[in-house]
Structures are given as structure tokens and as C-alpha cells.
Amino acid sequence: MASKIKVAATIIVIVVAAVVGGALYLTQTAPQPEKVITIVYGSDPGTLDTLQSHSATWTSLFNSVQESLLKIDSEGNIIPSKSLATSYEVSPDGLTYTFKLRKGVKFHDGTPFNASAVVWSFMQRYINKDVPFPEGAGFANRFDPIKSVEAVDDYTVKFNLKYPYGPLLANLASYRIGIFSPSTYIRAGGPNADVPLIGTGPFKFVEWKLNERVVLERNEDYWGEKPGATKVVINIVPEATTRISMLLAGDADIVLAPPPVEVPKLRENPNFVVADVPSTRGVMVIMNNQWGPFKDARVRQAVNYAIDKEALVKNVLQGLADTTDSWVTPNVFGYTSLGKWPYDPAKAKQLLAEAGYPHGFKATFATPSGRYLFDLQVSQAIQAYLRDVGIDVELLVQDWPTFVKHLTAPINETKMQMALTGYGIVVMDADGVLTSYFGGPWVPQGNSLVYYGNEEVKAMIKQAREEPDPKVRLQLYDKIMRILWEEQPQALLYFQKNVVVYSKNIKGIVPSNIADTYDITQLDRVGG
């Protein structure tokens, strides 16, 4: 009897051990379920090259793949723990910036991040005037103060400047200024090569299908805190109502820039979160200053008087924007309050008559659909306002890549007469906007979309960026902005708010107050 009990006990022990051991085995080896998060957005990136991109939203999303040298918080302070550069020093004369770089970081292609990669990224791409990309010269202007970038050792890099340049650190922290993998470009033929998106960030690039989707996956070897999401699928869905339908049906987790008319209902839905912040994303009507009627500043002023901007914000955008009295927002260095352009169609007609167009004229008006908040609906409203004062515009509704191509043709080839587009202030200093749009070369060599040519303004913009005294810079910016406000090379409508709606179990999608940009580096799904 005792032997039977021993045998039974032995069997029980073996079974329990097997069960426990099996459980331990399963616990140790069972793969974790994928966390795939789906984002929907209205327009295609048009390119994977952040230097070439005209989309702040896409470039900010790609910054999760291709990191910048510095990270800053919402107040503009550098965050060393999240930066590729862990510390920096500035020489007493302000002409040399020395950065210590983070060790043990690798690009997604397996090559090391080091001083050589930083030097190559700036000397061969960002300040290389021979890089023939639409914003290549725009970047060159932004970094024109840099005389050279040199590697002191493997993990120390030095920026030598031609003159003191206050916005340098803010530029180095811009989501647009990622560090490239030199070996990827060198293997593909040089700094102008068409290569996949490769960086050091928490996500890796997987796939881009034009006008369909972009796919990213988590970088399991990331040097910092990894996101919870294992994969991010960004679907391109131009139709605003379709994007919301996908969210409601559970086919999307996040909608970037949702249609304003849907926002009030989404705020009341307990299954979703709506987040919006004031931003530096300006939306404007641009006019070809070298074409027909728009050569005359009075006609450009008439366009401003003809559009009821307050009504656009209230009735079309449902309050998700702020009308403006300056070229930059009040939190940007160089802001000057210039007074808002009132809605005055009678004044618009008077100016048109004085300029020789008493019966108005016809023009084309290009617009994207899905790039900015309710951009097509805003363009349709503007079309009606302009018609009321005699300007008959034909709307050209274009997808984003076609639209960008339309806007960036050289002056002797362009067919652009009018368009609705935007600009993002990515550095909290007026130099960025003024140099890029009014102080630099015209597209495609630069980023001046309206072919504006006031040499006095260009000279003052250059003087302001090279001036070390902040008080003198402010005086120059005040004068520059007043001239531009009078000449109106482009009609600034409003600064839109940065809006995102997402399922309540999504965490880590952060709308920024810098243009229409988003941080997805800590994207995760929690709960069900």
C-alpha cells in the first residue's frame, strides 16, 4: 500500500513539475502580441527625403525615424537625456559651438552614429548649395552662418560660424534637421542619391506606397526608451469624412487634422480624445507677384480686403484657428503687431478699379485637399468671396505631390497664379520665415513661392540675422514686417490649431505648437 502511495505521489510531482515547467517555458518564450497602431492622414508625403519635403506633418512623423541632433521641450529648452548630443559649449565670442555626442548609438543600417555622420550630414547635405532639392537652398540659407563643421574626435563635433547666430541651437533641434547615415548615401552614389529613410530613431522605415500608406516598425535596438507600439501604419485618405468613418468603425486609431465640423461631436464621444493646441502653422493665399494683375500691390491688398477671415475661422473651421495681425505668432522672437486686415469688399473693389481692373479679372486658384484643416472648403469659401468683388477664380484641386510641383516651378515655367497653402514656423525666431519666404531665392532654388523681389527687404533680412544685438534685430524686424504687411506679397489668413483625435486607449500621440507637427516617439496602446 505504501509503495502505491509513493508511486502516486511521484506521478503527481512529475505532473505538477511538468505543468509548472511548461508554464514557465511558455512565459519565457511566448511572443508578445503585436501592437499595430493605425493613423489616417489626408495627404501623401511626396518624398521620404526630409530635406526635400514640403510637409511639416510628414517630416515630424519621420523624425521618429531620423532624429535631430538636439531635442527641445515646449519652452525651447534642450533635453540632454533625449538628445543625440548630450552637452554643448559655446565660445565667448559666439563663433564656436562644441557638442559631445552620445556613444553606443547605431543607425538602422548597422553603422555607428558618430562625429563623422554629423559632419557629413551638414557639410554634404544641409549646407551644400549643390543639393538640387526644392528646399535645398532654403536649408542652405538657414545654415549660411555655418563656416564649417569638423570632427574633434569620434564623439565630439565642432560648428564654426561666420558670425554669431542666435537661432543655431533651435535650428539644430528642428524636426526637419535629422542626422543622415553617410554610408547609405555613399553606397547609393552620393548626397543626391534617392535612398530609403534611415536614422537612429525609435521607429524604422518599412514601406511607402504612393497615395496609399507608410509603414514604420519599432527599432528594437533603440538607444533610448522604446515605444509600446510595434508597428505604425499611416494610411493616406484624402476624404475627410472617410477618415472619421474609419475612426468610428475601429479601422483607425488616430486621425490627424480631423475635419473641424466633426470635432464638436467627437469631443462628446467618450470613446475618443480630442487634443488641440495653438500652433505656428500659418495658412495663406499666395499670389504670383510676377504675373499680370498681381504685379500691383493694390490688387494683392484687394484680395486681403475681399476675404472675411473671421467668418472663415468661425463658420468653416469651427473656431480651430486664430486670425492674425503679423507674419509670425506672438511667441516668436521678432513679432510685431501690425493690425488685422478688415473684411471690406467695397475697399477691395475700389483698389481693383484704381489698379485698372474695374471689372475684375480671371485667375486659377490651386488648392490641396486634406493637407490643412478643411483646406478645400476654405478655398471654396474664398472663391465665393473673390467672385463678389469681381475676381473669378477657377479652383484646381490637386493631390499633395502634384500641388507641390505646381507651386515650385521656376518663374519661366510656372502656371501658378493663386493658391491656398501654408507655412510652418519651426524655429521661434522670425529669421526662419523671413529668410525662407522673402529673403532667399525663388523656387525651385529657394523657398520663396510668390516670386517676390524687394531688394531692400532682402538686405534688411540679411542684416537682422547677422546682428548680435537683440534690440537692433527687433527694430529691423519691425521695419521689415511693416513693409511686407503693406506690400502683401501673400495674404495671410490665420494660424490654424494643431488638432488630433484618437481612441481613448491610445497614448503617446502629442500635437505640437510648432506648425502642424506631432510626436509619436512614445506611441502605445493600453487596455483593450
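The preceding data block contains the structure.
So, here is what we can say about the structure in this document.

Calculation notes
Residue numbers run consecutively from 1 along every chain, following the written order of its sequence. This being a predicted model, a pLDDT of at least 70 is required before a residue's local features are given, and a value of 80 or more before pairs of side-chain atoms are given or counted; all residues contribute to the totals for chains, interfaces and linings. Side-chain metrics in this entry use all non-hydrogen atoms of the structure; hydrogen atoms and water are not considered. Pairs of strands are assigned from DSSP output, requiring at least two bridges between the strands. Helix and strand definitions follow DSSP, with helices as H or I runs of at least four residues and strands as E runs of at least two, each counted in order from the N terminus. To get an axis, a line is fitted to the C-alpha atoms, and for a helix only the part in contact is used. The angle between two axes follows their N-to-C directions and goes from 0 to 180 degrees. Residue contacts are defined here by distance: any two heavy atoms, one from each residue, within 4.5 Å place the two residues in contact. When a residue's accessible area, from a 1.4 Å probe over protein chains only, is under 20% of the maximum for its type it is buried; when over 50% it is exposed; and in between it is partly exposed. Note that the arc is defined by the directions from the helix axis to the C-beta atoms. Side-chain rings of Phe, Tyr and Trp, where Trp is taken by its six-membered ring, are said to pair if the distance between their centres is within 6.5 Å; with planes under 30 degrees apart they count as stacked, over 60 as edge-to-face, and otherwise as tilted. Positive charge is attributed to Lys and Arg, negative charge to Asp and Glu, and no charge count is given to His or to the chain ends. Salt bridge, as used here: a side-chain nitrogen of Lys or Arg that lies within 4 Å of a carboxyl oxygen of Asp or Glu. Note that the term roughly parallel is reserved for angles under 35 degrees, roughly antiparallel for angles over 145, roughly perpendicular for angles of 65 to 115, and oblique for everything else. Left-handed describes a crossing whose near helix is turned anticlockwise from the far helix by less than a right angle; the clockwise case is right-handed. Polar here means any residue other than Ala, Val, Leu, Ile, Met, Phe, Trp, Tyr, Cys and Pro, which are nonpolar, and Asp, Glu, Lys and Arg, which are charged; Gly is therefore polar.

Section: the sheet that holds strand 2 (residues 85-90)
Here is step 1: The strand order across the open sheet formed by four strands is 2-3-5-4, and the pairing between neighbours is antiparallel. Single-partner strands in this sheet number two, and they are strand 2 and strand 4 (146-153). Recorded for the sheet is a direction-independent mean angle of 20 degrees between the axes of neighbouring strands.
Here is step 2: In terms of strand pairing, strand 2 meets strand 3 (residues 96-101) through five bridges, oriented antiparallel. Pairing of Ser87 across the sheet is with Lys100, part of strand 3.
Here is step 3: Each of strand 3, strand 4 and strand 5 (156-161) touches helix 3 (residues 115-126); the most contacted strand, strand 4, lies at about 165 degrees to it.

Digging into helix 7 (residues 240-249)
Here is step 1: Those residues of helix 7 that sit buried are Ala240, Arg243, Ile244, Met246 and Leu247. Viewed along the axis of helix 7, the buried residues span an arc of 155 degrees, placing them on a single side of the element. Facing away from the buried side of helix 7 by more than 90 degrees, the exposed set consists of Thr241, Leu248 and Ala249.

Description of the packing of aromatic side chains
Here is step 1: Summed over all chains, the structure comprises 28 aromatic pairs.
Here is step 2: Look at Tyr305 and Trp341: their rings are 4.9 Å apart centre to centre, the planes differ by 70 degrees, and that puts the pair in the edge-to-face class. Of this pair, Tyr305 sits in helix 9 (residues 297-306) while Trp341 sits in the loop between strand 11 (321-323) and helix 11 (345-354), and the two are 36 residues apart along the sequence.
Here is step 3: Here a set of aromatic residues connected by ring pairs shows up, and it is made of Tyr88, Phe99, Trp120, Phe122, Tyr126, Phe143, Phe159, Phe180 and Tyr185.

Digging into the side chain of Arg300
Here is step 1: One can find Arg300 in helix 9.
Here is step 2: Despite its burial, Arg300 pairs with no opposite charge, the nearest such side chain being Glu487 at 4.9 Å.
Here is step 3: Filtering out sequence-adjacent residues up to four positions away, Arg300 remains in contact with Met287, Asn289, Phe294, Lys295, Glu487, Gln488 and Pro489.

Focus on the packing of helix 9 against helix 11
Here is step 1: At their nearest, the axes of helix 9 and helix 11 sit 8 Å apart, and the two run at 165 degrees to each other. The pairing of helix 9 with helix 11 is recorded here as roughly antiparallel in orientation. For the pair helix 9 and helix 11, the crossing hand works out as left-handed. Across from Arg298, Val299, Gln301, Ala302, Tyr305 and Ala306 in helix 9, the residues of helix 11 making contact are Pro345, Lys347, Ala348, Leu351, Leu352 and Glu354.
Here is step 2: Of the residues assigned to the contact of helix 9 with helix 11, the class counts are eight nonpolar, one polar and three charged.

On their own, these measurements won't tell you what the molecule is for.
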